[in-house]
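# Close look at the chain arrangement
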Amino acid sequence: VLVRFAPLLAAYVWQRQPFRLRYVPRRGETPAHIGGTTVFGDNVEDEWFIVYLVREITREFPGLAARIDDNDGEFLLIEAADFLPKWLNPENSENRVFFYKGELHIIPLSETPEQDWDLSAACPTIPQALALLSTRSEEFLAAEPIRAAVYKRIDGYPEKIQASLHRAHCYLPAGILAVLRQRPSLVAAAVQAFYLRDPADLQACRRPFRTFPADQRVMTLVTFTRCLYAQLVQQKFVPDRRSGYTLPTPSHPQYRAYELGMKLAHGFEILCSKSNKVAPDAKRSVLNGPLWERFLRSLKEKDYFKGEMEGSAKYLELLHMAEDHFQQSVAVPESSVEVSPGDEILTLLQTASIDLKEFEREAACLPPEDDDSWLDITPEALDQMLKEARNESLPSTNEEEQKNDLETVAESMKAFVSKVSTHEGAEMPWSSDESHVTFDVDSFTKALDRILGADSEELDSDDVDEEEEFDFSDGDDEDLDAGNQRQEQKVSPKELVGSLKSYMDEMDRELALTNVGKSFTTQKKGASSVEAATSESAGPDSGAEDAELAPVDVDMNLVANLLESYSAQAGLAGPTSNILQSMGVYLPENIDLTGSSSQATQ
């Protein structure tokens, strides 16, 4: 596997740890397998590159099935969370998600007890999952939207590797240049040492540098990942005067190269200050054993050197990359302590040849460095990135196309309210063809009868309490007794609903004459309930009659309240924009144009 993917792995710069594979013996129900763990640090692209590698490994070696997770668990499912079936959750997802023959597979729940494992078991075991994949893999192929969501993150590899690199000019000590010629990946360790430095680390930088003094510096081109370059550039740092490193004025044309070189030199010096000072001959050379010879022979058989003549500059460059990859990923002793970057740098310095004049000749004809304008992101570009991450399109800036259909806003909110909600949240109306919540009138009336259709004795007891509390007069007692006699008669559910409706109508008539009633927009054409206030002088009866003839316009009031809430957000995130955007409804920016207030009044 490592030989097959050596062309990709040898040229890759890892943020923290490289991609490693090792033999893992059988343990419990888990059979013997090939596995590995990688700490990817701040560069999440390392994690998705490993996902790409794992998928391609199962494609190149069809007999292998692979699963991958991280600190968050099944992060592939998290990436495709919007498209997962409802039965799949973190509790039952273990040992269900696999790459097999280059495709993503999800093993579903058993539907009958006769299937391959007991329904009471939350997750299948590894042997059970492998048996299913080997016999019925076509049945467990993940749905197209799930695969598309995952594959979108790894789309573009391996070409994406080069796009993730950044080449910049650095004014470096000649010793660092010699080390990077042999081990380009050490730039990551140096950047991390500088980026995560503490006061104890800087003790080695408050005196003239012992390993990399500032008196022999040359201009060179260093290859970073974009993550490493950003970490190095964005940190402000002023070197100690005693270190010997000084910077030109910010207006100097090569100020950035001097600053990058200074920071990188501090990182390398910090690494060397942490070295165990072990002699190079005490370290077992891994490049003299039979494993390296077999690895090198396999590379030649796979045409890794691309026909380059042995001993040529390109051949030696590829050879150094292969040696670096072999020491990081292949020849890691299981029982010994891993060699620290500082020890490795000191070992390389003792064997490297430093030709200062040759380095200066190369500095005179360096290729141009990459443009770093990608570091600056405009608010519009950030919005575009967020929309692409959510698979959404930005609303049009065309004024004609921005005229939103207010009926769509009202219907979307109605669809949201009609969905089921539980303690886990509310279902979003993603599709209009989903079945709506049904309303059973008979069940509702029966439930209402059980709640309100109580015995007359219970109602009488409540009435008696009210009598004692408010000290009703004798006339009131007679009315109450008559009411109790009427309550003793059995009331049917339909009559009960009818009486409730008449009671609600009476309440509406009362509220219609109050400020609450006048605040609602009615369904009168070209008029609102505010106009109804002029009819109040005609008497309460006429006002109630108008209220009956002009029911409340529910949609108009809903939209008006939503727009008022959206305006109160003042361009920030809020409940209205969050709910509407989740349903694909985008409101235009709240910009008052000339004459808009008069148009709104009309």
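Note that the structure is predicted; figures quoted are calculated from it, not measured.

Here the focus is the overall build of the chain. The helix and strand inventory of the chain stands at 25 helices and nine strands. Out of the 602 residues in the chain, the part that is buried amounts to 35%. The contacts of the chain with a sequence gap of at least 6 include a subset with a gap of at least 24, amounting to 74%. For the chain, the exposed area adds up to about 37200 Å²; of that, 52% sits on carbon and sulfur atoms.

The next point concerns the packing of helix α8 (residues 186-195) against helix α10 (residues 255-273). Closest axis-to-axis distance for the α8/α10 pair is 7 Å, and the angle between their directions is 90 degrees. Classified by the angle their axes make, α8 and α10 are roughly perpendicular. Only K263, L264, H266, G267, F268, I270 and L271 of α10 make contact with α8, whose side of the interface consists of L186, V187, A189, A190, V191, A193 and F194. Broken down by class, the residue content of the contact of α8 with α10 amounts to 11 nonpolar, two polar and one charged.

As a further point, take the nonpolar core. Residues L180, V187, V222, F224, L264, F268 and I345 are the most contacted members of the largest nonpolar core, which totals 37 residues. For this core, the elements supplying multiple residues, two or more each, are β6 (165-173), α7 (174-182), α8, β7 (217-225), α9 (226-234), α10 and α13 (341-351). The biggest single contributor to this core is α10, with eight residues. Beyond its immediate stretch of four places on either side in the chain, V222 contacts H166, R167, A168, C170, L172, L180, V187 and L264. Listed in part, the 34 residues of the second largest apolar core include F49, L88, L104 and I106.

Segments scoring low in pLDDT should not have their predicted coordinates read at a detailed level. Of all residues in the chain, 73% attain a pLDDT of 70 or more, and the chain-wide mean is 78. Counting interchain partners and residues more than four positions distant, the pLDDT-below-50 stretch residues 111-120 has 16 contacts. Every residue in residues 525-547 is under pLDDT 50, and counting partners more than four places away or in other chains gives 22 contacts.

Okay, the packing of aromatic side chains next. With the rule as written, the count across this model stands at 15 aromatic pairs. Put simply, the rings of Y12, W14, F49, Y52 and Y157 touch in pairs and so form one group of aromatic residues. Of note, R4 hangs over the ring of F5, and the distance from its end group to the ring centre comes to 4.9 Å. Between the NZ or CZ atom of R197 and the centre of the ring of F194, over which it lies, the distance is 4.3 Å.

Each neighbour pair has its own omega, and for Y157 with P158 the value is 5 degrees, a cis peptide bond. For P158, the location among the structural elements is in the loop between α5 (144-154) and α6 (159-163). Although it is not a glycine, D303 adopts a positive phi angle of roughly 60 degrees. As for its placement among the helices and strands, D303 is situated in the loop between α11 (290-301) and α12 (313-330). The class for D303 is partly exposed, based on a relative accessible area of 49%.

Before going further, it helps to spend a moment on the environment of P551. Considering the arrangement of structural elements, one finds P551 in the loop between α22 (540-549) and α23 (554-568). The exposure class of P551 is partly exposed, given its relative accessible area of 40%. In the structure, P551 is positioned 28 residues away from Q523 in sequence and 5.9 Å away in space, judged by C-alpha atoms. Setting aside residues no more than four positions away along its own chain, P551 makes contact with T522 and Q523.

Moving on, we come to the pattern of salt bridges. Evaluation of the coordinates by the stated rule reveals 21 salt bridges. Put simply, R4 and E60 hold a salt bridge, and the shortest N to O gap is 3.2 Å. Remark: E60 occurs in helix α2 (residues 44-60) and R4 occurs in the segment before α1 (6-10); sequence separation between them is 56 residues. Given the relative accessible area of 37%, R4 is considered partly exposed. Linking R136 and E139 is a salt bridge whose minimum nitrogen-to-oxygen distance equals 3.1 Å. On the accessibility criterion, R136 (25% relative accessible area) is partly exposed.

This brings us to the pairing of strand β5 (residues 103-106). Both strand β4 (residues 97-100) and β5 contribute to a ladder of four bridges, which runs antiparallel. Paired with Y100 across the bridge in β5 is E103. Remark: two residues form the turn of the hairpin made by β4 and β5, two consecutive strands paired antiparallel; K101 in that turn has positive phi of roughly 55 degrees.

For α5, every residue scored as buried is listed here: I146, R147, A149, V150, Y151 and I154. Structurally, α5 contributes buried residues whose contacts are with α2, α3 (75-79), β4 and β5. G156 lies just past α5 and shows a positive phi near 105 degrees.

A cluster of nonpolar side chains, contributed by Y503, M504, M507, L511, V516, F520, V552 and V554, occupies part of the molecular surface with about 730 Å² of accessible area. Per-element tally for the nonpolar patch: the top contributor is helix α20 (residues 493-511), with four residues. Turning to its location among the elements, L511 is positioned in helix α20. On the basis of relative accessible area, L511 is assigned to the partly exposed category, the value being 38%.

Every regular strand shows the same layout, with side chains that alternate between the two sheet faces. Burial along β4 is two-sided: the face carrying V97 and F99 and the face carrying F98 and Y100 are both buried. Sheet analysis places strand β3 (residues 65-66) next to β4, joined by two bridges and oriented antiparallel. The residue bridging A65 from the neighbouring strand is Y100, located in β4.

Here Q15 is to be found in the loop between α1 and β1 (22-24). We classify Q15 as buried; its relative accessible area is 2%. A distance of 3.0 Å separates polar atoms of two side chains, one belonging to Q15 and the other to Q231. Setting aside its immediate chain neighbours within four residues, Q15 contacts F40, D42, N43, D46, A188, Q192, T225, C227, L228 and Q231.

Bringing α11 into the picture now. Across its 12 residues, α11 extends 17 Å between first and last C-alpha, which sits within 8% of the 16 Å expected from 1.5 Å per residue. When α11 is considered as a whole, its buried residues turn out to be W292, F295, L296 and L299. Relative to the axis of α11, the buried residues are bounded by an arc of 95 degrees and lie together on one face. Counted as exposed and oriented over 90 degrees from the buried face of α11: P290, R294 and E301.

What follows covers the sheet that holds β3. Where strands meet in a sheet, backbone hydrogen bonds hold them as pairs that are either parallel or antiparallel. The strand order across the open sheet formed by three strands is β3-β4-β5, and the pairing between neighbours is antiparallel. Two strands bound the open sheet, and with one partner strand each, they are β3 and β5. Packed on one face of the sheet, α2 meets β3 and β4 and runs near 55 degrees to β4. Across the face of the sheet, helix α4 (residues 126-136) comes into contact with β3, β4 and β5 while running at roughly 45 degrees to β4.

What counts and what doesn't
Residues numbered from 1 in each chain as written. Predicted model: local features only at pLDDT ≥ 70, side-chain atom pairs only at ≥ 80, totals over all residues. Heavy atoms only, no water. Helix = DSSP H or I, 4+ residues; strand = E, 2+ residues; numbered from the N terminus. Buried < 20%, exposed > 50% of the residue type's maximum accessible area, 1.4 Å probe, protein only. Contact = heavy atoms within 4.5 Å. Areas by Shrake-Rupley, 256 points an atom, 1.4 Å probe, with all protein chains shown as cover. Axes fitted to C-alpha atoms, helices over the stretch in contact; angles between N-to-C directions. Parallel < 35°, antiparallel > 145°, perpendicular 65-115°, else oblique. Nonpolar A, V, L, I, M, F, W, Y, C, P; charged D, E, K, R; others polar. Core = buried A, V, L, I, M, F, W, Y, C linked by side-chain atoms within 4.5 Å. pLDDT = per-residue confidence, 0-100. Phe/Tyr/Trp six-rings, centres within 6.5 Å; stacked < 30°, edge-to-face > 60°. Lys NZ or Arg CZ within 6 Å of the ring centre and 35° of its normal. Salt bridge = Lys/Arg side-chain N within 4 Å of Asp/Glu carboxyl O. Pairing = 2+ DSSP bridges. Patch = residues over 30% accessible without salt bridge, like charges linked within 9 Å, V, L, I, M, F, W, Y side chains within 5 Å. Polar contact = N/O pair within 3.5 Å; in protein donor to acceptor, adjacent residues only side chain to side chain. Expected span 1.5 Å × (residues − 1). Arc of directions from axis to C-beta.

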